[in-house]
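Next come the chains, spelled out residue by residue.
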There are 2 protein chains.
Amino acid sequence: MDDDLVVSAAELTERATDYLVARGAPLREARVQATHLVEAELRGHPSHGLRRLTVLGERIARGVLEPAAEPELTWVAQAALRVDGRGGFGPVAAYAAIDALRDRLDETGVAVASLHNTHHLGMLAPYVERICAEGAAGLVLSSTEGLVHPWGGAGALLGTNPIGIGIPAAGGDLIVDMSSGAVSAGKILDYRARGLPLPEGWAVDAAGEPTTDAAAAAEGAISPFGGAKGYALGLAFGSLVGALTGTAYGPAVRGTLDAETPTTKGDVIVVFHAALLAGGDERAALGAYLDAVRASGVRGPATIPGDRARTARGAHVRDGVRIAADVWALIAPATASATEPEAEAEAEPENETGEEDVPS
Amino acid sequence: MDDDLVVSAAELTERATDYLVARGAPLREARVQATHLVEAELRGHPSHGLRRLTVLGERIARGVLEPAAEPELTWVAQAALRVDGRGGFGPVAAYAAIDALRDRLDETGVAVASLHNTHHLGMLAPYVERICAEGAAGLVLSSTEGLVHPWGGAGALLGTNPIGIGIPAAGGDLIVDMSSGAVSAGKILDYRARGLPLPEGWAVDAAGEPTTDAAAAAEGAISPFGGAKGYALGLAFGSLVGALTGTAYGPAVRGTLDAETPTTKGDVIVVFHAALLAGGDERAALGAYLDAVRASGVRGPATIPGDRARTARGAHVRDGVRIAADVWALIAPATASATEPEAEAEAEPENETGEEDVPS
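Residues take numbers from 1 onward in each chain, read along the sequence in its written order. Starting at A for chains and at 1 for ligands, labels are handed out in the order in which the entities are written. It should be noted that, the model being predicted, local features are given only for residues of pLDDT at least 70 and side-chain atom pairs only at 80 or more, the latter also being counted only at that level, while totals for whole chains, interfaces and linings use all residues.

**With respect to the sheet that holds strand β8 (residues 163-167) of chain A**
Residue and element names in this part refer to chain A.
Okay, step 1: Read across the sheet, seven strands follow the order β2-β3-β4-β12-β5-β8-β9 without closing on themselves; strand pairing throughout is mixed. The open sheet terminates on both sides in strands that have one partner only, identified here as β2 (72-77) and β9 (174-178). For this sheet, the mean inter-axis angle between neighbouring strands, taken without regard to orientation, is 15°.
Okay, step 2: Paired strands, as defined in this entry, are two strands with at least two bridges between them according to DSSP. In DSSP terms, a helix is any run of H or I states spanning at least four residues, a strand is any run of E spanning at least two, and both are numbered starting from the N terminus. The pairing of β2 with strand β3 (residues 80-88) spans five bridges and is classified as antiparallel. Across the sheet, residue E72 finds its bridge partner in β3, namely D84.
Okay, step 3: Contact criterion: two residues are in contact if their C-beta atoms, reconstructed from the backbone, are within 7 Å. Each axis is a line fitted through C-alpha atoms, taken for helices only over the stretch in contact, and angles between the N-to-C directions span 0 to 180 degrees. Contacts from helix α4 (residues 90-108) reach β2, β3, β4 (110-118) and β12 (266-272) within the one sheet, and its direction differs from that of β4 by about 160°.

Below you can see the structure in the form of structure tokens.
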């Protein structure tokens, strides 16, 4: 941490764009992907930030990611869009899909996009935030590599299958962005590296027995969040993605973690014309309710999903983003313009309101 | 339990229909509502079964439930249906909405219904099962009375906000029907009546502090399932219902529990044309994946959401439904044709796969 630097979002975006352009990405596609990674940094989620550039770069080098790919958008029905990402960047396909869905929304009231043959979408929050920006509500689901065990079962048969939900509200949209694992794979590897026992409930060993041994957990699987109910939801989210996109299920999902295998993951994006369905603009009413929830806090305000990321983003846009030295070294120009960080000692946010590092 | 009776589903439906007709419901509406309550009994969820007849009967008597109401269905856009239940039975409005959405699906690929001014939908599983019956996938969300506290907050500001998810699969559709509370309100009242301490994590007291005292919990609130993540999802589900229907939020939701207050709850139903979006029929592929998940079980097969209810329903259709004597007394004809139960000692199913008694 001592070697961390603080860099402005604009500079990070420019450098990350250059990194991808140098590896064959056209400027426009590189900028969309780079901006999305920087958005994760701004929200305090470096696991989904610029550190991901290396996998993207290696994928391009091996020819399993086509950085110049333009997604092919096909309306298969009035409100149903099928998107072939043609092996390109996830954010390029996802933002193109969202723009197309939003253009259709006055006519249809709801619209869905089914994405295949595209790469990691990264954090889901920025997508549902864009959906909310014009008063629509939205859901985003992605399938991810098998890391989570079935409830009562052994083996990493379920993805961490994240969900993003955005609902427009006065005083700050309600933005959920969470995985359906109890904890991220990265955190278990971190405990193993530090020789620490895991808290109970995080993982099982290879035989499916609960374990607090991080090494055994790394050979086993992450537990679903929320026991049987969280398992049911995670399984359903992943299965829904497969069933609506024709992509792979569970252990057959690829495209997010490794640098070698062609992508087999899928994504689903649903956008609702909230005011049309509700018969009026609900933003003020929902905002008042969320304020009442905030005010219910026993020790400080209760957190609404989206609040903490919004606060972090504001601070980081203003003050710059703290970047690990090894990540900065990836993208730094010959004469780096970064400054040494102030002693702000920013901790990784805890998983307290469903906003967290999607472990994929 | 010694006074329980075993009655056939057909007879239960007939008697429950008679009960509602005698209180002013037209035959068709009475039968739809009665059939839905019996479907809960068949799945082993008596809390959502015929015991609910008394609240419906009292609501009719007080004029807050209009049993002859025909829901008004208005397409506000090509794929968006707004449903005014006109104060009638929930299942009448919900099945009418589902039929209308399905009729539209070939044209639109996805369709959504937003329901207001309607009563309790009851169990959500039968709706998503109907959606799956022709190969579509679906989501159903309802708002319910405030019973659950915010994460880190005090007071029953969140509904138990159930979710139903149905995804068609070979070998048995994946059917989720669960609330976002850690436990049902009924179970806490049952512990209080029996003077038993609650397991940790079920509830907080009126000040928002965790408690195992059932009496203090009854004055406080149920905890969300799955900690911060379950809180985030439950809050989002309830907020999405309000934002897409224009109905009430949190503590202002009414219509399910009491017998006096006009309904202010809402429901959202989304139906997806799975094969069109996926570019093919995914039922076999999803079924094979779910079979692999079943086979991963450490002590017997891992359960897929929907499996247990399907098994229970089959047995109860064949052998009849065990009905508590006081419930049977509500609807029994002068000469009851029920038989004494065999010594099958069927237990209430545990909350192990997200199929459970929605506590509302």
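**With respect to the domain arrangement of chain A**
Residue and element names in this part refer to chain A.
Okay, step 1: What marks off one domain from the next here is an automatic or database domain assignment. Partitioning chain A into domains gives domain 1 (5-65 + 306-331) and domain 2 (78-181 + 224-278).
Okay, step 2: One C-alpha centre belongs to domain 1, the other to domain 2, and the line joining them spans 21 Å.
Okay, step 3: Counting from both sides, the interface comprises 21 residues of domain 1 and, opposite them, 19 residues of domain 2.
Okay, step 4: Sorting the residues of the side of domain 1 that touches domain 2 by element identifies α2 (27-42), α3 (53-62) and α11 (307-319) as the ones contributing at least two each.
Okay, step 5: Per-element tally for the side of domain 1 that touches domain 2: the top contributor is α2, with seven residues.
Okay, step 6: When grouped by side-chain class, the residues that make up the side of domain 1 that touches domain 2 number seven nonpolar, five polar and nine charged. Charged residues are taken to be Asp, Glu, Lys and Arg, nonpolar residues to be Ala, Val, Leu, Ile, Met, Phe, Trp, Tyr, Cys and Pro, and polar residues to be all remaining types, Gly included.

**Here we look at the interface of chain A and chain B**
Okay, step 1: Each partner contributes to the interface: chain A provides 71 residues, whereas chain B provides 71 residues.
Okay, step 2: Take the side of chain A that touches chain B: its biggest share by element is 14 residues, from helix α8 (residues 227-245) of chain A.
Okay, step 3: Residue composition of the side of chain A that touches chain B, grouped by class: 41 nonpolar, 24 polar and six charged.

**Describing the packing of helix α1 (residues 9-22) of chain B against helix α2 (residues 27-42) of chain B**
All names here are of chain B.
Okay, step 1: At their nearest, the axes of α1 and α2 sit 8 Å apart, and the two run at 135° to each other. Accordingly, the angle class assigned to the pair α1 and α2 is oblique. Between α1 and α2 the crossing geometry is right-handed. In this structure, α1 contributes A9, L12, T13, A16, T17, L20 and V21 to the contact, and α2 contributes L27, A30, R31, Q33, A34, T35, L37, V38, E41 and L42. For this classification, under 35 degrees means roughly parallel, over 145 means roughly antiparallel, 65 to 115 means roughly perpendicular, and everything else is oblique. Each helix crossing is assigned a hand: it is left-handed if the near helix lies turned anticlockwise from the far helix by less than a right angle, otherwise right-handed if that turn is clockwise.

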